[in-house]
Amino acid sequence: MDESFENLRLELRRGCLTLAVLAELRIERYGYTLRKALAERGMAIDEGTLYPLLRRLESQGLLVSQWREEEKRNKRFYRLSAEGESILEQLLAEWRSINASLNGIVKEREYEAH
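All figures in this text were calculated on a predicted structure; none of them were measured in a lab.

Q: Outline the pattern of salt bridges, supporting the account with residue identities and numerical values.
A: Oppositely charged side chains can pair when the atoms bearing their charge come close. What the rule picks out here adds up to eight salt bridges. A salt bridge links R29 to E24; its shortest N-O distance comes to 2.8 Å. Note on accessibility: R29 and E24 belong to one class, buried. The shortest N-O distance in the salt bridge between E70 and K75 comes to 3.6 Å. Assessed through its relative accessible area of 30%, E70 is described here as partly exposed. It is possible to trace a salt-bridge network through shared partners that takes in E24, R29 and R41.

Q: Let's hear about the packing of aromatic side chains: which residues, and what values?
A: Enumeration over the complete set of coordinates arrives at one aromatic pair. Taking the centre distance of 5.3 Å and the plane angle of 70° together, the rings of Y30 and F77 count as edge-to-face. Highlighted residues: Y30 in strand β1 (residues 29–30) and F77 in strand β3 (residues 73–80), separated in sequence by 47 residues. With a relative accessible area of 16%, Y30 lands in the buried category. The class of F77 is buried, set by a relative accessible area of 6%. Positioned above the aromatic ring of F77, the side-chain terminus of R68 is 4.0 Å from the ring centre.

Q: Report on helix α2 (residues 31–40), specifying residues and quantitative values.
A: All of the buried residues in α2 are G31, L34, A37 and L38. Summarising the axial view, the buried residues of α2 lie within an arc of 130°, below the 170-degree limit, and thus occupy one face. Facing away from the buried side of α2, by more than 90 degrees, are the exposed residues Y32 and E40. Against the buried residues of α2 lie α1 (2–24), β1, α3 (47–59) and β3. The first or second residue beyond α2 is G42, which carries a positive phi of 85°.

Rules behind the numbers
Residues numbered from 1 in each chain as written. Predicted model: local features only at pLDDT ≥ 70, side-chain atom pairs only at ≥ 80, totals over all residues. Heavy atoms only, no water. Salt bridge = Lys/Arg side-chain N within 4 Å of Asp/Glu carboxyl O. Buried < 20%, exposed > 50% of the residue type's maximum accessible area, 1.4 Å probe, protein only. Phe/Tyr/Trp six-rings, centres within 6.5 Å; stacked < 30°, edge-to-face > 60°. Helix = DSSP H or I, 4+ residues; strand = E, 2+ residues; numbered from the N terminus. Lys NZ or Arg CZ within 6 Å of the ring centre and 35° of its normal. Arc of directions from axis to C-beta. Contact = heavy atoms within 4.5 Å.

If you want it as structure tokens, here you go:
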């Protein structure tokens, strides 16, 4: 049972992390500051998940990146592309719709259970 829960939890979390990363990258950030911002908002993500996700989103045209020197170190900064901004707005609308539906379903079932 624990393995089933863990697999389903990871599946649910994967989509949410993508949305969270896109939303956070409305402001340009490099990997460390992105991880920190997500963790501060309750969406911790490890490096082994974040960097492949960033590369995938960039290859899909949703992000653009640029190497720059900051504090005497080269850092790769990411931000949404124009297409990424459009996709983010569409995904947020979908998220709001799904969230409203789920809230209604859960509340209805909780009411019926009492």
